[in-house]
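# Close look at the chain arrangement
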Amino acid sequence: MQFENTLEYAQQLDAEDKLRKYRDEFHFPKVNGKQVIYFTGNSLGLQPKRTQKFVDEVMTDWKEMAVEGHFYADKPWWDYHERLAAPLARVVGAKPEEVTVMNTLTVNLHLLMVSFYRPTKKRYKIICEEKAFPSDQYMLQSQVRFHGFDSNDAIVEIKKRDGEHFWRTEDVLKTIEEVGDELALVLIGGVNYYNGQVFDMETITKAGRAQGAFVGWDLAHAAGNVELQLHDWDVDFASWCSYKYMNSGPGNASGVFVNERYLNRKDIPRFEGWWGTKRDTRFLMKPEFEPMENADAWQLSNAPILSVAPYLACLELFEEVGMDALIEKRNKITAYLEFVLQEIDKEVDSTFEIITPKERGCQLSVFLHGEGRPLFDYLMKNGVITDWREPNVIRLAPAPFYCSYEDMYRFGQILKSGVLKK
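Residues numbered from 1 in each chain as written. Predicted model: local features only at pLDDT ≥ 70, side-chain atom pairs only at ≥ 80, totals over all residues. Heavy atoms only, no water.

Right, let's talk about the overall build of the protein chain for a bit. Scanning the protein chain from terminus to terminus reveals 13 helices and 15 strands. Computed over the C-alpha atoms, the radius of gyration of the protein chain is 23 Å, within 12% of the 22 Å expected from 2.2 N^0.38 for a compact globule of 422 residues. Principal-axis analysis of the C-alpha atoms places the extent of the protein chain at approximately 70 × 60 × 35 Å. Across the 422 residues that make up the protein chain, the buried fraction comes to 56%. Considering only contacts within the protein chain whose residues lie at least 6 apart along the sequence, 71% involve residues at least 24 apart. Between the averaged position of the 51 positive side-chain charges in the protein chain and that of its 64 negative side-chain charges there is a distance of 2 Å. (Helix = DSSP H or I, 4+ residues; strand = E, 2+ residues; numbered from the N terminus. Rg over C-alpha atoms; globule rule 2.2 N^0.38 Å. Buried < 20%, exposed > 50% of the residue type's maximum accessible area, 1.4 Å probe, protein only. Contact = heavy atoms within 4.5 Å. Lys, Arg positive; Asp, Glu negative; His and termini not counted. Charge placed at Lys NZ, Arg CZ, Asp CG, Glu CD.)

What follows covers the sheet that holds strand 4 (residues 99-102). Across the sheet, seven strands lie side by side as 4-10-9-8-7-5-6; this open sheet has mixed pairing. Because the sheet does not close on itself, it has two edges, and the strands there are strand 4 and strand 6 (155-158). Taken over all neighbouring pairs, the strand axes of this sheet differ in orientation by 20 degrees on average, direction set aside. Both strand 5 (residues 125-129) and strand 6 contribute to a ladder of four bridges, which runs parallel. Among the inter-strand pairings, Glu129 is bridged to a residue of strand 6, identified as Ile158. (Pairing = 2+ DSSP bridges. Axes fitted to C-alpha atoms, helices over the stretch in contact; angles between N-to-C directions.)

A separate point is the side chain of Thr205. Here Thr205 lies in helix 9 (residues 201-210). The residues contacting Thr205, other than those within four sequence positions of it, are Val215, Trp217, Trp233, Asp234 and Val235.

Let's shift gears to the UniProt feature "modified residue: N6-(pyridoxal phosphate)lysine" (unreviewed entry) in the protein chain. UniProt tags Lys244 as "modified residue: N6-(pyridoxal phosphate)lysine" (unreviewed entry). Turning to its location among the elements, Lys244 is positioned in the loop between strand 9 (237-240) and strand 10 (254-258). Among all residues touching Lys244, those that are not within four sequence positions of it are Gly41, Asn42, Ser43, Leu44, Gly45, Ala220 and His221. (UniProt positions renumbered as here; feature names shortened; annotations may be inferred.)

Further remarks concern a nonpolar patch on the surface. A surface patch of nonpolar side chains, amounting to about 570 Å² of accessible area, comprises Phe71, Tyr72, Trp274, Phe283 and Met285. In this fold, Trp274 is placed in the loop between strand 10 and helix 10 (305-321). Since its relative accessible area comes to 38%, Trp274 is described here as partly exposed. (Patch = residues over 30% accessible without salt bridge, like charges linked within 9 Å, V, L, I, M, F, W, Y side chains within 5 Å. Areas by Shrake-Rupley, 256 points an atom, 1.4 Å probe, with all protein chains shown as cover. Salt bridge = Lys/Arg side-chain N within 4 Å of Asp/Glu carboxyl O.)

Attention now moves to empty space enclosed by the protein. According to the stated counting rule, one finds one cavity of 30 Å³ or more in the structure shown. Considered as a void within the structure, the largest cavity measures approximately 60 Å³ in volume. Lining the largest cavity we find Gly41, Gly224, Lys244, Tyr245, Asn247, Leu326, Ala399, Pro400, Phe401 and Tyr402. For the lining of the largest cavity, the per-class residue count stands at six nonpolar, three polar and one charged. (1 Å grid on protein atoms, 1.4 Å probe; cavity = no way out; pocket = protein on both sides within 12 Å on 5 of 7 lines; lining within 4 Å. Points joined across faces, edges and corners; volume = space filled by probe spheres on them. Nonpolar A, V, L, I, M, F, W, Y, C, P; charged D, E, K, R; others polar.)

The final tally for this structure, using the stated rule, is 36 salt bridges. The shortest N-O distance in the salt bridge between Arg90 and Glu319 comes to 2.7 Å. With Arg90 in helix 4 (residues 85-92) and Glu319 in helix 10, this pair connects stretches of sequence that are 229 residues apart. Take Arg90: its relative accessible area is 53%, and that puts it in the exposed class. Judged by relative accessible area, which is 40%, Glu319 ranks as partly exposed. Glu288 serves as the salt-bridge partner of Lys286, at 3.8 Å between the closest nitrogen and oxygen. On the accessibility criterion, Lys286 (33% relative accessible area) is partly exposed. On the basis of relative accessible area, Glu288 is assigned to the partly exposed category, the value being 43%. Where salt bridges share partners, they join Arg161, Glu164, Arg168, Glu170 and Asp171 into one cluster.

So, on to the sheet that holds strand 11 (residues 351-354). Pairing in this open sheet of four strands is antiparallel, and the strands run 11-12-15-14 from one edge to the other. Each of the sheet's edge strands pairs with one partner strand only, and the pair in question is strand 11 and strand 14 (387-389). Across this sheet, the average inter-strand angle for adjacent strands is 30 degrees, counted without regard to direction. The sheet contact formed by strand 11 and strand 12 (residues 364-369) spans four bridges and is antiparallel. Residue Ile354 lies in a different strand from strand 12, and its bridge partner there is Val366. Across the sheet, helix 11 (residues 323-347) touches strand 11, strand 12 and strand 15 (393-396), and the angle it forms with strand 11 is around 150 degrees.

A surface patch of negative charge is lined by Asp200, Glu202, Asp232 and Glu359. Position of Glu359 among the secondary structure elements: in the loop between strand 11 and strand 12. When its relative accessible area of 46% is taken as the criterion, Glu359 is described as partly exposed.

This is how it looks when you write it as structure tokens:
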């Protein structure tokens, strides 16, 4: 569509925005007495105003009932996490029984590796993307060392082509074919944290499984941001954090997907704990483990309720809006941000190179050619909360729940003034 880089046009887009009322559902920090332009929902989402009620409810139950809150609270704690399965399943394209909430992301990836990285002398290699998020790199390296392999041999990184800022699907598929029957696992970030690229998860999953390997996805930057169909894509497992696009709060509980073919099985290797055993007999304290018939079998301990409550609060918002509406606005507001950047680029000497490919969610990673850290500092001091990555990249994520088109226009004007003030 034909965009315009004017305040009036941006305000017109906001007036037409079906999700505009949800901006008022979130708390915004302020700089110089004004609401910030918030571009870091890809790092930590804003706090939904309704979160306080969910947390206060737990605190009140704890105060008034103490241990009895496990069974007699309005939302009893012993099954509190089960309330998240159905709405989360709709966000990630799964069956409710394939989804659970527990621990944090890297903890969950380690636990899932127990089940889905079963190396042999011949089939032991793992494919991941070059320069994956550091936590994933450390996790994979420690896992292969734990199994007695050399990470330099066992971990195969898919590299970008010289001069390009993104991965090509054909290169991923070629690597999968080349590793062949040595391949034990494909584990990639569904959306790359640095450049914002969305991988072709369906195609890559099919190729990895065709080679006899397990395929899993780190969906930290994907959940609540892009369309996911984990069940239909036949993904083996996945995990994601909840504090980015899902706005559950710093470091809060992680989601897990386990394909239904692995459910209700006693033979699958898995680290096990009390909360993974059947709920009907859990309090009989039986010595043998009887797995829950769903993804809860991977749970170890009772849920951290004060961490899960904010997640439930935001999932209520996702239920009201739905991923289709969020993705529709995401596409439009991200395209408008791209347009604004291109228009400002014409008005200044510096060059803004968007290194995010068209296969993207709501993040644009921008190379600030001719600029450096001082421009980032200027943006921050003037109420634009964004993210700096070396050498001179800023990441901009206009989360559709709470970012406005006027935000995009105002950002462009602040960016221009920051460049011109050099």
